[in-house]
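Below, each chain spelled out in residue letters.
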Amino acid sequence: VPEVRAAMLHALTNFLGIPDLTDQVAQIEESIAMAILPTAADGSVLVRKELLVFLSTFVKRYENKFLVAAYEELEEEKQMLLQKMQTEQTNGFALEKGADVNGASPTSHSLSRRTSFGTIWKQLLTLSVDPHPEIARDACTIVDYVHYTLLHSPMASMTARLRGEIEELNNRLNNNKPSAAESY
């Protein structure tokens with residue numbers, strides 16, 4: 001019954017308010033967050049909305065860890081764009097001398113990879129494109145909050161530079177693609 005699942009998520013959200021954040025409490029909360037993450041695929045909009053309320057509380061409580069996950073996701077995106085550009089250059093026989101097509105794994109030095117926070121961050125990104133507009137809007141609000149906080153954190157200059165590099169790579173990739181009119 002969706003109402004029961006939503007009520008369970010509501011109760012767990014209230015559980016997150018324990019003021020003393022000891023290692024044991026943090027471990028329990030992290031386990032709970034991972035245990036309820038599959039409800040992101042629940043068919044009920046009510047359940048997914050309540051999950052987002054839980055996740056927004058969880059993100060706020062562990063903000064620094066999500067800032068790291070968000071920054072590393074941006075780094076991963078940049079690496080994927082670089083690899084895509086190198087692949088396109090290789091396919092067009094325009095590979096520059098000494099360029100490495102294989103490159104290093106985009107997440108080989110990632111701190112948040114394979115952690116609960118990295119997994120939850122990726123799920124939030126997925127929920128931000130949920131087919132239900134209210135779910136997508138609410139998830140986007142959480143994602144935007146983390147990105148905004150990242151741009152106003154001590155990592156702001158690094159984040160702004162990385163964001164600019166991603167935009168430049170996207171522009172270069174989009175300028176290299178033939179338009180629909182040119183392909184006919």
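Fair warning: this is a prediction, and the values are worked out from it, not measured in the lab. (Residues numbered from 1 in each chain as written. Predicted model: local features only at pLDDT ≥ 70, side-chain atom pairs only at ≥ 80, totals over all residues. Heavy atoms only, no water.)

Engineer: I'd like a description of the overall build of the protein, backed by residues and values.
Structural biologist: Helix and strand counts for the protein stand at seven helices and zero strands. Start at the N end of the protein and walk to the C end: the helices and strands fall as α-α-α-α-α-α-α. Counting every position in the protein, which comprises 184 residues, the buried fraction comes to 34%. Across the protein, the fraction of contacts at a sequence separation of at least 24, relative to all contacts at a separation of at least 6, is 74%. Total accessible area on the protein stands at roughly 11000 Å², and carbon and sulfur atoms take up 56% of it. (Helix = DSSP H or I, 4+ residues; strand = E, 2+ residues; numbered from the N terminus. Buried < 20%, exposed > 50% of the residue type's maximum accessible area, 1.4 Å probe, protein only. Contact = heavy atoms within 4.5 Å. Areas by Shrake-Rupley, 256 points an atom, 1.4 Å probe, with all protein chains shown as cover.)

Engineer: Which residues make up the confidence of the model for the protein, and what are the values?
Structural biologist: Per-residue confidence for the protein gives a mean pLDDT of 86, with 83% of residues at or over 70. In the model, residues 94–107 has pLDDT below 50 throughout and makes 15 contacts with residues more than four positions away in sequence or in other chains. (pLDDT = per-residue confidence, 0-100.)

Engineer: Which residues make up the side chain of D42, and what are the values?
Structural biologist: Tracing the sequence through the fold places D42 in the loop between α2 (23–36) and α3 (45–61). Taking the relative accessible area as the measure of exposure, D42 reaches 13% and is therefore buried. A polar side-chain atom of D42 sits 2.6 Å from a polar atom in the side chain of R5. Reaching out from D42, the side chain makes a polar contact with the backbone nitrogen of S44 at a distance of 2.8 Å. Ignoring any residue separated from it by four or fewer positions in sequence, one finds D42 in contact with R5, V47 and R48. (Polar contact = N/O pair within 3.5 Å; in protein donor to acceptor, adjacent residues only side chain to side chain.)

Engineer: Tell me about α2, and please be specific about residues and values.
Structural biologist: Taking 1.5 Å per residue as the helical rise, α2 with its 14 residues ought to reach 20 Å, and the 20 Å between its terminal C-alpha atoms agrees with that figure. Along its buried surface, α2 packs onto α1 (2–15), α3 and α5 (116–127). (Expected span 1.5 Å × (residues − 1).)

Engineer: Lay out α5 in plain terms, naming residues and giving numbers.
Structural biologist: Given 3.6 residues per helical turn, the α-helix brings residues three or four places apart onto the same face. A rise of 1.5 Å per residue sets the reference length of α5, with its twelve residues, at 16 Å; its end C-alpha atoms lie 16 Å apart and thus fit the reference within 8%. Those residues of α5 not exposed but buried are S116, F117, G118, I120, W121, L124 and L127.

Engineer: So, the nonpolar core: which residues are in play, and what are the values?
Structural biologist: In terms of nonpolar packing, the biggest core is built from 40 residues, with F54, F58, F66, I120, W121, L124 and L127 touching the most fellow members. If you list the elements that add at least two residues to this core, you get α1, α2, α3, α4 (63–91), α5, α6 (133–151) and α7 (156–176). No other element matches the eight residues that α4 contributes to this core. Among all residues touching F58, those that are not within four sequence positions of it are L16, E29, E30, A33, F66, F117 and I120. (Core = buried A, V, L, I, M, F, W, Y, C linked by side-chain atoms within 4.5 Å.)

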